[in-house]
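# A look at the structure
If you want the building blocks of each chain, they are given just below.
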Amino acid sequence: MTSIQDKNTWSGRFAEPVAELVKRYTASVGFDQKLALFDIEGSLAHAAMLSHCDIISTQDLADIQRGLEQIKNEVLANTFIWSLDLEDVHLNIEKRLTTLVGDAGKRLHTGRSRNDQVATDVRLYLRHAIDELLALIAALQTSILNLAEQHTLTIMPGFTHLQVAQPISFGHHLMAYFEMLKRDAERLQDTRRRVNRLPLGAAALAGTSYPIKREMVAELLGFEGVCENSLDAVSDRDFAIEFTAAAALIMTHLSRFSEELILWMSPRVGFIDIADRFCTGSSIMPQKKNPDVPELVRGKTGRVNGHLIALLTLMKGQPLAYNKDNQEDKEPIFDTVDTLNQTLRIYADMITGIKVKPEAMRNAALQGYATATDLADYLVKKGLPFRDAHEAVALAVRFAEQRGCDLSDISLPELQKFSALIEQDIYQVLSLEGSLASRDHIGGTAPKQVQAAIARGRDYLSQH
Ligand code: ARG
């Protein structure tokens, strides 16, 4: 970035130039240049409206369009020269436009303020980001469906308190994350509706005295409507907070998933292996293969959660309407988008690189009396009240534990000591397959129910 010695946009009002340190402190061009293409898009719509309403001439409009087109190309080619003296993305572009096309460039800002301009730019940026993120969530969901489909019959222990609870299928476990991501996508779609409203026309805070047509600008930019109060239009950042909250929740889901992948990949558990391209070795221990990617996802969740708190704190004490504080919204928003975007991309690929070890999963499910609830349910179905059944099975588990065997290894006469209701058919009930198959209702782990859930998932994705 150069620092061309240039008169400030507002130099007429000031007796001395801004101090160097202050200039650096207040400038945002170092990061808000990310908004350049959205700023140009907004300016083109604004200029078209100004011309349509006879506030500027058609010649001015043509000049502005030509100038902005060139600037767009310079930005895309990375040849645009950003100047710190021009503070932010808006003034940099406006100055360049004036250099390129003369007075028409100076007329572009008629009926507009940087306050409604920046709010518009951020909304355009976020809308675009959300659309990309929604596609990435769908891609990750597809990866999950594909893996789940291969594992509706792969049995693993389900846990509560990280203790073996009941047998489930690996496919069923994966589909839990599909559901979370479905809600995540819904939240983003809902947020998008509130992002997609036009602040332009609010000008500095009170509206403008020119005969503008805000609806026309809204339509040109694909907004669903205009912000209906000019003070709110320039000061509202709810949409950014909502977005970041939705993003923090997505990261939280992926962080939980990551924690499980890390655990499953630990040689102590050994349920899965993650493809080498997502892992790193150790500089000192030659045997190590570390799950760096899931660990970093878990770590980066902290930074996105932090951005949410930063934005909430940014807004909590601000009086209406625009305050310079708002400039601090950009880096948290940008970093949230970038972090989430990269995380979703890498995750979709990582899921395809998971190697499942069904034997290890099955062995783990066979330990820890995962079918004890099935035995209790069996007794209940034969007429025993659930609490009594619970007690009978607890005693049976204690017996098996002392023997160092599974419930299914206990002979029928011995089992019958715990309840006379137990018959030969109990062994099917105590099997892992029997346990899974019996949970045969929507949302249950029975293989056919998981297959149905996967089919519903595919259906959902084809419609969204
Ligand atoms: N760079 C500023 C921001 O990001 C643009 C708006 C500045 N408005 C003002 N009145 N100083 O918020």
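Residues numbered from 1 in each chain as written. Predicted model: local features only at pLDDT ≥ 70, side-chain atom pairs only at ≥ 80, totals over all residues. Heavy atoms only, no water.

### Some thoughts on the packing of aromatic side chains
Put simply, the rule is: Stacked, tilted and edge-to-face are the three classes applied to pairs of Phe, Tyr and Trp rings, where Trp contributes its six-membered ring and a pair requires centres within 6.5 Å; stacked means planes under 30 degrees apart, edge-to-face means over 60, and tilted covers the rest. To sort residues, take the accessible area from a 1.4 Å probe on protein chains only and compare it with the maximum for the residue type: under 20% means buried, over 50% means exposed, and anything in between is partly exposed. In this text, helices come from DSSP runs of H or I with a minimum length of four residues, and strands from runs of E with a minimum of two, each type numbered from the N-terminal end. Comment: the charge-over-ring label is applied if NZ (Lys) or CZ (Arg) is within 6 Å of the ring centre and within 35 degrees of the ring normal.
Per the counting criterion, the structure on display carries 8 aromatic pairs. An angle of 50 degrees between the planes, with centres 4.4 Å apart, marks the rings of Phe-80 and Trp-82 as tilted. The exposure classification of Phe-80 matches that of Trp-82, with both residues buried. For the ring pair Tyr-125 and Phe-334, a centre distance of 4.9 Å and an interplane angle of 70 degrees mean the geometry is edge-to-face. Here Tyr-125 is found in helix H7 (residues 114-149), whereas its partner Phe-334 is found in helix H13 (residues 330-352), with 209 residues between them in sequence. Aromatic ring contacts, followed pair by pair, group Phe-38, Tyr-125 and Phe-334 into a single cluster. Positioned above the aromatic ring of Phe-223 is the side chain of Arg-127, whose terminal nitrogen or guanidinium carbon lies 5.2 Å from the ring centre. The positively charged end of Lys-182 is found above the aromatic ring belonging to Tyr-460, 5.4 Å away from the centroid.

### A closer look at the site of the ligand
The following threshold applies: Residue proximity to a molecule or strand is established when one non-hydrogen atom of the residue lies within 4 Å of it. Polar contact is defined as a pair of N or O atoms within 3.5 Å, subject to the rule that within protein one atom must be able to donate a hydrogen and the other to accept it, and that residues adjacent in sequence are counted only when both atoms are side-chain atoms. Per-residue and other accessible areas follow the Shrake-Rupley method at a 1.4 Å probe size, with only the shown protein chains counted as cover for residues.
Surveying the vicinity of the ligand reveals the residues Ser-28, Asp-32, Asp-88, His-90, Arg-114, Asn-115, Val-118, Tyr-322, Gln-327 and Lys-330. Side-chain polar atom of Asp-88 to a nitrogen atom of the ligand: 3.1 Å apart, as the coordinates give it. One of the side-chain N or O atoms of Asn-115 is found 2.9 Å from a nitrogen atom in the ligand. In the complex, 86% of the free accessible area of the ligand, which totals 340 Å², lies under the protein chains. Here the shell around the ligand gets 3 residues from one element, more than from any other, and that element is H7.

### Considerations on the pattern of salt bridges
A side chain of one charge can pair with a side chain of the opposite charge when the charged atoms of the two come close. Note the threshold: Salt bridges are counted wherever a side-chain nitrogen of Lys or Arg sits within 4 Å of a carboxyl oxygen of Asp or Glu.
Counted according to the given criterion, the structure contains 33 salt bridges. Residue Asp-184 is joined to Arg-187 by a salt bridge in which the shortest nitrogen-to-oxygen separation is 3.1 Å. Pair noted here: Asp-184 and Arg-187 are both in helix H8 (residues 170-195), with a separation of 3 residues, about one helical turn. For Asp-184, a relative accessible area of 0% translates into the label buried.

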